[in-house]
Amino acid sequence: MINTPITRLLGIEYPVIQGGMAWIANAHLASSVSNAGGLGIIAAGNADGEYVRGEIRKAKELTDKPFGVNIMLMSPHADEIASIVVEEKVPVVTTGAGNPSKYMKAWKEAGIKVLPVVASVALAKMMTRLGADALIAEGGESGGHVGELTTMVLVPLIADSTDLPVIAAGGIADGRAMAASFLLGAVGVQMGTVFLAAEECDIHPVYKEKILKAGDLATMVTGKRLGHPVRSLRTEFARTYMKAEYSDIDDESLEKLGVGALRMAVKEGNLEKGCFLSGQVAARVNAIRKSEDIVKSIVKDAEEVLRGAGKWVS
Ligand code: TUI
């Protein structure tokens, strides 16, 4: 059993949080992770408030355990969803891709546990001051919108900059990486890519197959030119986008290339036009398993690694 400030803070059995993957992390996936003893997360992504409210209500039907909502702060619907989580009394909110300062007071007053993703020490300090309950330190190995620093460097920096519990994310899909996260100063992990291969994850079969087959160099980062670097599988779409990025095409046309790309990956498995977000750790995800198996086996393996962690020290 791994009992940490995170399991106690969130009222969960295992210190495992499922990443808030836009278009992917719905009530079905989130409730399966919560029922397994981790913390399932519904991703708002760019969806509107009614969709998110609907998924929250579905999750309440599917689990009586705590779950959370991830708010992608670049979304045009972020303000509306920030209010919906209060109205629906969602127990936990995670945020990504921005600075959630303007919502913190309302969320804290509503008793919501707030876990912002921080990709820098400055934001970690600001969030600590504004009353965050824990911080998610997500390194650039992760899928989707990525920061500059790797998990190995970011987690100890964040852990030393705050008294709050720190959750490591980016590059974690097995017991070894979970154990390593604890050695870096984290007391919990957030994982996204490994849950793409969950039985309860409703992505297109082509997407799942691509994750299972991914090798060490299967992902790449595009989007730097427009200031939103994103890690995805190295597909035809990603290669075309990368070429366009280094061509003389104007910013507006480049932006248009990406419109609807996440949906076309998740719903259609469209390799030509879809953007298949994935972390580097897809290379270590090789089987479709139930969320319960994923959560429990990773924790069990981490316990074993941590028990043996002193073996080189005499
Ligand atoms: O947010 C993510 N991952 C995401 S968001 C997303 S949707 C999207 N689609 C297309 C383009 C851009 C986004 C897909 N994947 N992870 C959490 C994360 N947050 N990573 C990095 C950050 C971050 C970056 C800067 C958090 C805070 C931040 O602060 C900026 C500031 O103003 O201080």
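Relevant structure appears above.
The following refers to the structure shown. (Residues numbered from 1 in each chain as written. Predicted model: local features only at pLDDT ≥ 70, side-chain atom pairs only at ≥ 80, totals over all residues. Heavy atoms only, no water.)

A closer look at the overall build of the chain
Then, number 1: Scanning the chain from N- to C-terminus turns up 14 helices and 11 strands.
Then, number 2: By the compact-globule yardstick of 20 Å for 314 residues, the chain fits well, its C-alpha radius of gyration being 18 Å.
Then, number 3: When its C-alpha atoms are laid out on the principal axes, the chain stretches across 55 × 50 × 40 Å.
Then, number 4: Each of the 314 residues in the chain was classed as buried or not, and the buried ones make up 54%.
Then, number 5: Counting every atom, the chain has about 14,000 Å² of accessible surface; 54% of that belongs to carbon and sulfur. (Helix = DSSP H or I, 4+ residues; strand = E, 2+ residues; numbered from the N terminus. Rg over C-alpha atoms; globule rule 2.2 N^0.38 Å. Buried < 20%, exposed > 50% of the residue type's maximum accessible area, 1.4 Å probe, protein only. Areas by Shrake-Rupley, 256 points an atom, 1.4 Å probe, with all protein chains shown as cover.)

Digging into the site of the ligand
Then, number 1: What surrounds the ligand is a group of 13 residues, the closest being Ala97, Gly98, Glu138, Gly144 and His145.
Then, number 2: The separation between a nitrogen atom of the ligand and a polar main-chain atom of Ala97 is 3.0 Å.
Then, number 3: Within the complex, 74% of the 710 Å² of free accessible area of the ligand lies under protein.
Then, number 4: Split into classes, the residues belonging to the shell around the ligand amount to seven nonpolar, five polar and one charged. (Near = heavy atom within 4 Å. Polar contact = N/O pair within 3.5 Å; in protein donor to acceptor, adjacent residues only side chain to side chain. Nonpolar A, V, L, I, M, F, W, Y, C, P; charged D, E, K, R; others polar.)

Concerning the layout of surface pockets
Then, number 1: Looking at the second largest pocket, its volume works out to about 190 Å³.
Then, number 2: Contributing to the lining of the second largest pocket are Gly140, Glu141, Val146, Gly147, Glu148, Leu149, Thr150, Val221, Lys224, Pro229, Arg231 and Gln280.
Then, number 3: Looking at the lining of the second largest pocket residue by residue, the classes come out as four nonpolar, four polar and four charged. (1 Å grid on protein atoms, 1.4 Å probe; cavity = no way out; pocket = protein on both sides within 12 Å on 5 of 7 lines; lining within 4 Å. Points joined across faces, edges and corners; volume = space filled by probe spheres on them.)

Topic: the environment of Met152
Then, number 1: With respect to the helices and strands, Met152 occurs in helix α7 (residues 151–159).
Then, number 2: Along the chain, Met152 and Ala177 lie 25 residues apart, while their C-alpha atoms are 10 Å from each other.
Then, number 3: In contact with Met152, other than residues within four places in its own chain, are Glu141 and Leu184. (Contact = heavy atoms within 4.5 Å.)

Some points on the pairing of strand β3 (residues 67–72)
Then, number 1: Among the six residues in β3, six count as buried, and that is most of the element.
Then, number 2: Residue alternation in β3 divides its side chains into two sets, Phe67, Val69 and Ile71 and Gly68, Asn70 and Met72, and both sets are buried.
Then, number 3: Pairing of strand β2 (residues 40–43) with β3, which is carried by four bridges, proceeds in the parallel orientation. Bridge pairing in β3 links Gly40 to Phe67.
Then, number 4: Handedness of the crossover joining β2 and β3 through helix α3 (residues 49–62): right-handed.
Then, number 5: Relative to strand β4 (residues 92–96), β3 runs parallel, the two being bridged by five bridges. What sits directly across from Met72, in β4, is Gly96.
Then, number 6: Running through helix α4 (residues 78–87), the crossover from β3 to the neighbouring parallel element β4 is right-handed. (Pairing = 2+ DSSP bridges. Right-handed = clockwise from strand over helix to strand, strands pointing away.)

Considerations on the packing of α3 against α4
Then, number 1: Where α3 contacts α4, the two axes come as close as 9 Å, and the packing angle between them is 25°. Classified by the interaxial angle, the pair formed by α3 and α4 is roughly parallel. Here α3 and α4 pass one another in a crossing that is right-handed. Every residue of α4 that contacts α3 at Gly49, Glu50, Val52, Arg53 and Ile56 is listed here: Glu80, Ile81, Ile84 and Glu87.
Then, number 2: Residues of the contact of α3 with α4, tallied by class, amount to four nonpolar, one polar and four charged. (Axes fitted to C-alpha atoms, helices over the stretch in contact; angles between N-to-C directions. Parallel < 35°, antiparallel > 145°, perpendicular 65-115°, else oblique. Left-handed = near helix turned anticlockwise from the far one by under 90°.)

Considerations on the environment of Ser161
Then, number 1: Here Ser161 lies in the loop between α7 and β8 (166–169).
Then, number 2: Between the alpha carbons of Ser161 and Lys125 there is a distance of 6.6 Å; along the sequence they are 36 residues apart.
Then, number 3: Those residues in contact with Ser161 that sit more than four places away from it in its chain are Val121, Ala124 and Lys125.

A short note on the nonpolar core
Then, number 1: If you look at the biggest cluster of nonpolar residues, it comprises 86 residues, and the most contacted ones within it are Val16, Ile71, Trp107, Met178, Phe195 and Tyr207.
Then, number 2: Those residues within four positions of Ile71 in sequence are excluded, and the remaining contacts are Ala44, Ala78, Ile81, Ala82, Val85, Val93, Thr94, Thr95, Gly96 and Trp107.
Then, number 3: Counting residues in each nonpolar core, the second largest holds 14 residues, with Leu10, Ile12, Ile17 and Ala169 among its members. (Core = buried A, V, L, I, M, F, W, Y, C linked by side-chain atoms within 4.5 Å.)

Let's talk about the packing of helix α2 (residues 27–35) against α3
Each pair of packed helices can be summarised by the angle the axes make with each other and by the distance between the axes.
Then, number 1: For the pair α2 and α3, the least separation of the axes is 9 Å and the interaxial angle reads 35°. Note that α2 runs across α3; the crossing there is right-handed. Facing Ala27, His28, Ser31 and Asn35 of α2, the residues of α3 in contact are Glu55, Lys58, Ala59 and Leu62.
Then, number 2: Partitioned by chemical class, the residues of the contact of α2 with α3 number three nonpolar, three polar and two charged.

Focus: the pairing of β8
Then, number 1: Covered by surrounding structure in β8 are Val166 and Ala168 together with Ile167 and Ala169, the residues of both alternating faces.
Then, number 2: For β8 and strand β9 (residues 188–191), the ladder comprises three bridges, and the chain directions are parallel. Residue pairing in the sheet places Ala168 in a bridge with Val189 of β9.
Then, number 3: Taken together, β8, helix α8 (residues 175–183) and β9 constitute a β-α-β crossover, and its handedness is right-handed.

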